[in-house]
Amino acid sequence: MQNATRPRRAVHAALQILEGGEEVGANAPLANAHQRPRAIMAAVTPASVAQLPPLRPWQRLSVRVAGLFVAVTLLAVGLVGEVLYERQKRETEATLGALLLNIARTGAYLIDPDLHMVVQRTLTQETSAYLRVRQALSIVQDENRIETPVYTLTDYDPEKRQARFMVTSRGPGVPGEPYPLVPALLEPLGRAFHDNVATHTAVYHNQSGTWITAFAPIRNGPGPPIAVLDVDYPVTVYLVRLAAVRNTIVGASLLGALAALILGVIVARRVAGPITALTETAARVQAGDLSVALPVRSRDEVGRLTRAFNEMIEGLRQRDFIRSTFGRYVSPEVAQALLASPEAQRLGGEKREVTVLMSDLRGYTRFAELGDAQAVMAVLNEVLARMTDVIIAHGGTINEFIGDAIFAIFGAPLAHPDHAERAAAAAIAMQRAMADVNEAHAQRGLPRFEMGVGINTGEAVVGNIGSEQRAKYAVVGAAVNLAARVEGCTVGGQIFLSPHTYARVRDLVEVGEPFPVEVKGVAEPLLLYELRAINGRFAQRLPEMASDDEQVPMWLPFVCRVFEGKILGKDETSGTVVRLGRRRVDVRLDGTLPLLTNLRFRLNYPGLGYDSGDLYGKVIGTEQQEGTPVTRIRLTSIDPVDQQILETFFES
């Protein structure tokens, strides 16, 4: 049945969207969602089945399929025709361009540059020099059977987009008369004048028609040309031939479209029958009739769709509520228990003692800022997936993912009398799983992450919150806030238990010495217990962490700024680093910093002349050394480059 679930869900979702109905899912109120299948099935009668309005011609599948066939045929033939047309156009352009280049080069050699220089100086048609140059141009035009005059140009000015006439083979054109240039002539004419090479244009249009033009420089020794020979050629006749080819292709397209229309109607009619039956049955399911079934008459895609539709209906009878409502919150065992127990399904809101687990990754934020977005999300999803498996395996419920943090509850929606024990065991298992994740990351060249976990037990309100349109299963209350405060006191690799949780598991756990902290929202100092192991049926220990005792003596200036909540304060606290470890810094401060204070600082590495990036740490204790108090600071976030530099101190 697992393989059938995917098509059943897909068809179900599609029908809900097509028919405009509601889909029972995680966003629906739980009590109403549970009652809906039974109430609907009891109320369904033949008269209650929705009647579909008649389809208009353009809404029929046969018309749409036929139209699709026609559109595809027209598109395919049109694309082929366009490709052929453009290819012929390019070949015509290349052939004519090469021909005109040869004519222009040959004509340029027939012109006496000295005579042309005389024309440029006198700017008159009355000299013998002008007549002789004009005669040479006439020979070029006549011998090559060119319909338009051949002429020479001088004084090319690209900014004004003009040149000047000098000599023309026939027709008007006074020496020195301005000759405006269309944009298509600027680049090739400029190359002829400046690069001293023969060029030709692409096919272009102006007020006189469609043309292709070749230019050849007229040289008078070394240096830039004194003028350029211009040979124009009309290409209208070639375009007429190309248009005839295109018209032929259009005619073929219309014939193909007609054939496609006939074929499309035939195919659509064979497909429309089963689809119509499927649509009518879907309307009955939309009305709540889950007793219908369709015969499977083929083994093609329509047959598979029909089979998937039948499997969808079967799944809706028993499992749709569970999978869509609780499938992403709790384990399958919890979901089945909720379905089997009507009392457990009344989740409108109630007070209940639960254990809240909060976890947060350390070092991930810096990785997210520097890493590729896709890789960052892939790593986060991998870590969260491992933690989710651990929580669900211990009977917990994922209430929410908050960035790289997890908010989970134990004892709801199903009441477990040992919810505090389950939460403590899940926390240790999560730290052990994080050790495996870091080992895999090391092999793949990914950074090492740490995780802090805070656990608190107390009374909270659990159930659905929101509205009729949007609701979710949630837990609210002071127990949640205190769990978040407890988690905020941890450093990477630690698990802190609140006194309320410790009181319920004291006979099963091994903890460190309790220490008092003042947290927001609690009047009296709160005793926190660092969890190290648990006995009983979930017996396990925290993984061995890298020792912080391995340190090297240092004597470095130290200046830090303290976080006040989430805001970095402006005041600085100074001191001297006396010992440096991989994950710990011992500092003699000029003042004092309270326990669990979060701070930011930088180090100047001795002998390197290099300042570290921003380092983040938390005050974890104070000890006396030679009669002087030394503050221990646990590094909570460190750049990979700085981590490598610290490693060199120990290797040496």
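In what follows, the accompanying structure is described. Positions within a chain are numbered from 1, following the residues in the order the chain's sequence is written. At least 70 in pLDDT is required for a residue's local features to be given in this predicted model, at least 80 for side-chain atom pairs to be given and counted, and no such filter applies to totals for whole chains, interfaces and linings, which use all residues. As a rule here, side-chain values come from all non-hydrogen atoms in the structure, and water together with hydrogens is ignored.

Moving on: helix 6 (residues 183–194). Within an α-helix, residues lying three or four positions from one another point in the same direction, as the helix has 3.6 residues per turn. Labels follow the DSSP assignment, with helices taken as runs of H or I lasting at least four residues and strands as runs of E lasting at least two, numbered in each case from the N terminus. Any helix carries an expected span of 1.5 Å times its number of residues minus one. Between its first and last C-alpha, helix 6 extends 17 Å over 12 residues, near the 16 Å set by a 1.5 Å rise per residue. Remark: exposure states derive from per-residue accessible area (1.4 Å probe, protein chains only) relative to the maximum for the residue type, with buried under 20%, exposed over 50%, and partly exposed in between. Here helix 6 has its buried residues at Leu-185, Leu-186, Pro-188, Leu-189, Gly-190, Ala-192 and Phe-193. Throughout, a contact is declared for two residues whenever any of their heavy atoms are within 4.5 Å. Packed against the buried residues of helix 6 are strand 1 (150–157), strand 3 (178–180), strand 4 (199–200), strand 5 (204–206), strand 6 (209–218) and strand 7 (227–234). Directly beyond the C-terminal end of helix 6, a positive phi value near 60° is found at Asn-196.

Turning our attention to the sheet that holds strand 18 (residues 551–564). DSSP bridges decide pairing: two strands pair if at least two such bridges lie between them. Pairing within the closed barrel is antiparallel, and its six strands lie in the order 18-19-20-25-24-21. Adjacent strand axes in the sheet meet at a mean angle of 50°, parallel and antiparallel pairs treated alike. Pairing between strand 18 and strand 21 (residues 598–601): three bridges, direction antiparallel. From the neighbouring strand, Val-562 faces strand 21, where its bridge partner is Leu-599. Lines are fitted to the C-alpha atoms to define the axes, a helix being fitted only along its stretch in contact, and any angle between axes, read from their N-to-C directions, falls within 0 to 180 degrees. Helix 16 (residues 640–651) rests against strand 18, strand 19 (567–581), strand 24 (615–625) and strand 25 (628–637) of the sheet, and its axis sits at about 25° to strand 19.

Here the focus is the pairing of strand 19. Judged from the 11 bridges that link them, strand 18 and strand 19 form a sheet pairing that is antiparallel. Considered in strand 19, the bridge of Val-559 is made with Ser-574. Summarising the sheet, strand 19 and strand 20 (residues 584–589) pair through five bridges and their orientation is antiparallel. Directly across from Val-577, in strand 20, lies its bridge partner Val-587. The hairpin turn running from strand 19 into strand 20, its antiparallel successor, is two residues long.

So, on to the pattern of salt bridges. Salt bridges are counted wherever a side-chain nitrogen of Lys or Arg sits within 4 Å of a carboxyl oxygen of Asp or Glu. Counted according to the given criterion, the structure contains 19 salt bridges. For Asp-142, the salt bridge identified is with Arg-170, shortest N-O distance 2.7 Å. Residue Asp-142 is located in helix 5 (residues 128–143), and its partner Arg-170 is located in the loop between strand 2 (162–168) and strand 3; the two are separated by 28 residues in the primary sequence. One salt bridge in this structure joins Arg-600 and Asp-614, with 3.9 Å as the shortest N-O distance. Note that Arg-600 is positioned in strand 21 and Asp-614 in the loop between strand 23 (610–611) and strand 24, a separation of 14 residues in sequence.

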